[in-house]
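# Fold and contact review
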Amino acid sequence: MGTLWYGGKVRTLLDKNDVHEAVYVKDGIIQAVGNTVDLRNSYKSEMDDEHDLNGATMYPGFVDSHLHMIGHGEKLLRLDLSNVSSIEELKKILKNAVKDIKQGDWLIGEGFNENLFSDRQIPDRHVLDEVTTEHPVMLTRVCRHALVTNTYGLTLAKIDSETINPPGGKIEKDCKGIPTGYLHDQAQELIREVMPEEGFRYVKKALERSLDDLYRHGFVGAHSEDLNYYGDPIKTLETFYEVIDGTEKKFRTNLLVHHEVALEVFSKLDDFAPHSFIDLGSVKIFADGALGGRTALLSSPYADDSDTTGVAIHEPEILENIVADARKLDMPVAIHAIGDLALEYAINAIEKYPVPPNKRDRLIHIQVARKDLIERLKKLPVILDVQPRFVASDFPWVMDRIGKARLNYAFAWKTLLDADLICAGGSDAPIEPISPLLGIHAAVTRRKPEENHDGYLPEQKLSLFEAVKLFTYGSAQAICQEDNRGVIKVGNVADFTVLDCDLFKLEPDEWLKANVEKTIVDNTVMFERRR
């Protein structure tokens, strides 16, 4: 079956000026790119379908290189707190939500960010007890590396003044040694263990909601880490297979597998038939936490809290052993490393246990680096998985947190690209908004859309061409698929994102007004905007 796409611009991203009129596709593979008349004449004998772009602009399909698809769906289904700007507003929203649940049921909210509050006060058990003492409450912080619960929740989890910090976690306590309800990283599991397990009907609903939203934002694929959070990793994988069936729903899905379930998942892969749109990628490992809760692991103390350098989720020797176990499975690793000491530990581990041939490890976030670490990274087959939107979310408060001395290598995407390191672009949804245009905007402007200044650390700004390639070619490189994805050229898969405008002809703030006209996967329209 031959299809001609014509009637607009085709930006191939082979270079920033490579623009054509039309693309001819057969059996899901690009056969030719060029002039509409020439393609129609050359392929008229086998062409049985034509699609008019009506003046829109076609790009290689956008792919989010790091997110949590089910988690994004949960955020859409649950109480979204990401835009709350004060404790009083938070309490008002929660009190209204309590009215709609039965006594004793959990009240769950997603994504509060105390840095949006004028006093930066973190809600604690006292604040939440003002909302309700008849329901356990769990509110996740925007980074998902911390949560807060009320007294009811602490009681259910049997967390009191005698409870010690679990490995890789921290229980905040007041001056009297009483837990405040604020739990970091692995300490969060103490709460999650006493929450009712979500049924897979809910998991499926969350994934379906997420997928529809990804299509709506122009995504043809994503690299997602979800398999360790819903009770049964195999059933979670089966849910992906059920929702992304390869016929009605096509989506290029690369699943990162948390190291705690990696052996179980990979040992049962033979039970699954090969899938054209789902594959298993790296083994996921957390090396540290996040800057927001001061649990990202730094090599020297935080500038605004000299008593801590953060949290190592694993001691260096254990981290190395986890990487060694992944190599026994012939797998690359994807290591969450936000602080520079966490990055150092990750590099040590992958240098000691090199990635299998023709594969690449990935390091996720890389928000604080060092010159010596960048030099070591240049010698490794590694992808740096960055989330440009964090610049808009974390500045200016993050400058006080990490201090001036570390800023030269903080959120330094341009420095990484100029060192010829391969970078891919993602959102880390549900932590950040899913929109690729917000990510592209942040990479280029280094500011929030509503702000009017030259950008935070403006020397780290990317060009539009560099920013768009993070979400296209960079994502393909992250999974060693750059030979058939990420640009529009002969032989590549027919995955396209069609916008109603040419971003390269607009100012950055105008990009955010762009509409996704079509999302096309395997030459199949998965989303089309209703006018």
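First things first, this report covers the structure right here in the doc. Everything numeric in this text was worked out from a predicted model, so none of it was measured.

### Thoughts on the overall build of the protein
Looking only at helices and strands, the protein has 19 helices and 24 strands in total. Taking 2.2 N^0.38 as the reference for a compact globule, 531 residues should give roughly 24 Å; the C-alpha atoms of the protein span a radius of gyration of 23 Å, in line with that estimate. In terms of principal-axis extent, the alpha carbons of the protein reach across some 80 × 55 × 55 Å. Here the protein, with 531 residues, has 60% of them falling under the buried criterion.

### Things to note about unusual backbone geometry
That bond from Phe 395 to Pro 396 is cis: its omega, 10 degrees, falls within 30 degrees of zero. Assignment of secondary structure puts Pro 396 in the loop between helix H13 (389-394) and helix H14 (397-402). Residue Ala 429 is joined to Pro 430 through a cis peptide bond whose omega torsion reads 15 degrees. Looking at where Pro 430 falls in the secondary structure, it is placed in the loop between strand E21 (422-425) and helix H16 (436-445). In this model, Asp 420 sits at a positive phi of 65 degrees, which is unusual for a non-glycine residue. As for its position among the elements, Asp 420 is in the loop between helix H15 (413-418) and E21.

### Description of the sheet that holds strand E19 (residues 361-365)
A sheet is described by the order of its strands in space; here eight strands give the open sequence E8-E15-E16-E17-E18-E19-E20-E21, paired in parallel fashion. Every interior strand has two partners, whereas the edge strands, strand E8 (62-67) and E21, have only one. Mean inter-strand twist for the sheet, computed between neighbouring axes without regard to direction, equals 25 degrees. Note that strand E17 (residues 278-286) and strand E18 (residues 333-337) share four bridges and pair parallel. Of the residues in E18, the one forming a bridge with Lys 284 is Ala 334.

### Quick word on the packing of aromatic side chains
Any pair of aromatic rings gets described here by the distance separating the centres and the angle formed by the planes. Applying the stated criterion across every chain yields a total of nine aromatic pairs. On the numbers, 4.2 Å between centres and 20 degrees between planes, the contact of Tyr 24 with Tyr 43 is stacked. In this pair, Tyr 24 is assigned in strand E4 (residues 22-26) and Tyr 43 in helix H1 (residues 36-43), connecting sequence segments 19 residues apart. Aromatic pair Tyr 241 and Phe 272: ring centres 5.1 Å apart, planes at 55 degrees, arrangement tilted. Here Phe 272 lies in the loop between helix H9 (259-267) and E17 and Tyr 241 lies in helix H8 (residues 233-243), a separation of 31 residues in the sequence. Accessibility expressed as a relative area gives 22% for Tyr 241, which makes it partly exposed. Exposure remark for Phe 272: the relative accessible area of 14% places this residue in the buried category. Through successive ring pairs, a cluster of aromatic residues spans Phe 395, Phe 411, Trp 413 and Tyr 456. Lying over the aromatic face of Tyr 6, Arg 40 brings its terminal NZ or CZ to 5.0 Å of the ring centre.

### Observations concerning the pairing of strand E7 (residues 57-60)
One ladder, built from two bridges, connects strand E2 (residues 9-11) with E7; its direction is parallel. For Val 10, the partnering residue across the bridge sits in E7 and is Met 58. As paired strands, E7 and strand E22 (residues 496-499) are joined by four bridges and run antiparallel to one another. Its bridge partner lying in E22, Tyr 59 is registered against Thr 497.

### What about the pairing of E8?
It is a general feature of regular strands that their side chains alternate between the two faces of the sheet. Taking burial as the measure, the six residues of E8 include six buried ones, the bulk of the element. Direction of pairing for E8 relative to strand E15 (residues 219-225): parallel, over a ladder of four bridges. In the sheet register, Asp 64 faces E15, and the bridge partner there is Ala 222.

### Focus on the side chain of Asp 185
Mapped onto the elements, Asp 185 comes out in strand E14 (residues 179-185). For Asp 185, which is buried and forms no salt bridge, the nearest opposite charge comes from Arg 192, at a distance of 9.4 Å. Polar contacts involving the side chain of Asp 185 include one to the side chain of His 145, which spans 2.7 Å. When residues no more than four places from it in sequence are discounted, the contact partners of Asp 185 are His 145, Gly 168, Gly 169, Asp 288, Gly 289, Thr 295 and Ile 313.

### What to know about the pattern of salt bridges
Overall, the coordinates contain 39 salt bridges when judged by the stated rule. Taking the shortest distance from any N to any O, the salt bridge between Asp 502 and Lys 9 comes out at 2.7 Å. With Asp 502 in the loop between E22 and helix H19 (508-511) and Lys 9 in strand E2, the pair connects residues that are 493 residues apart, well separated along the chain. Accessibility expressed as a relative area gives 8% for Asp 502, which makes it buried. Lys 9 sits in the partly exposed class, given a relative accessible area of 29%.

### Section: the packing of helix H7 (residues 200-216) against H8
Any two packed helices are characterised by the angle at which their axes cross and by the distance between the axes. The interhelical angle for the contact between H7 and H8, taken along N-to-C directions, is 45 degrees, at an axis separation of 10 Å. With respect to each other, H7 and H8 are oriented oblique. For H7 against H8, the interelement crossing comes out right-handed. Listed contacts from H8 to Phe 200, Val 203, Lys 204, Leu 207, Glu 208 and Leu 211 of H7 are Lys 235, Thr 236, Thr 239, Phe 240, Glu 242 and Val 243. Of the residues assigned to the contact of H7 with H8, the class counts are six nonpolar, two polar and four charged.

Basis of the calculations
Residues numbered from 1 in each chain as written. Predicted model: local features only at pLDDT ≥ 70, side-chain atom pairs only at ≥ 80, totals over all residues. Heavy atoms only, no water. Helix = DSSP H or I, 4+ residues; strand = E, 2+ residues; numbered from the N terminus. Rg over C-alpha atoms; globule rule 2.2 N^0.38 Å. Buried < 20%, exposed > 50% of the residue type's maximum accessible area, 1.4 Å probe, protein only. Pairing = 2+ DSSP bridges. Axes fitted to C-alpha atoms, helices over the stretch in contact; angles between N-to-C directions. Phe/Tyr/Trp six-rings, centres within 6.5 Å; stacked < 30°, edge-to-face > 60°. Lys NZ or Arg CZ within 6 Å of the ring centre and 35° of its normal. Lys, Arg positive; Asp, Glu negative; His and termini not counted. Salt bridge = Lys/Arg side-chain N within 4 Å of Asp/Glu carboxyl O. Polar contact = N/O pair within 3.5 Å; in protein donor to acceptor, adjacent residues only side chain to side chain. Contact = heavy atoms within 4.5 Å. Parallel < 35°, antiparallel > 145°, perpendicular 65-115°, else oblique. Left-handed = near helix turned anticlockwise from the far one by under 90°. Nonpolar A, V, L, I, M, F, W, Y, C, P; charged D, E, K, R; others polar.

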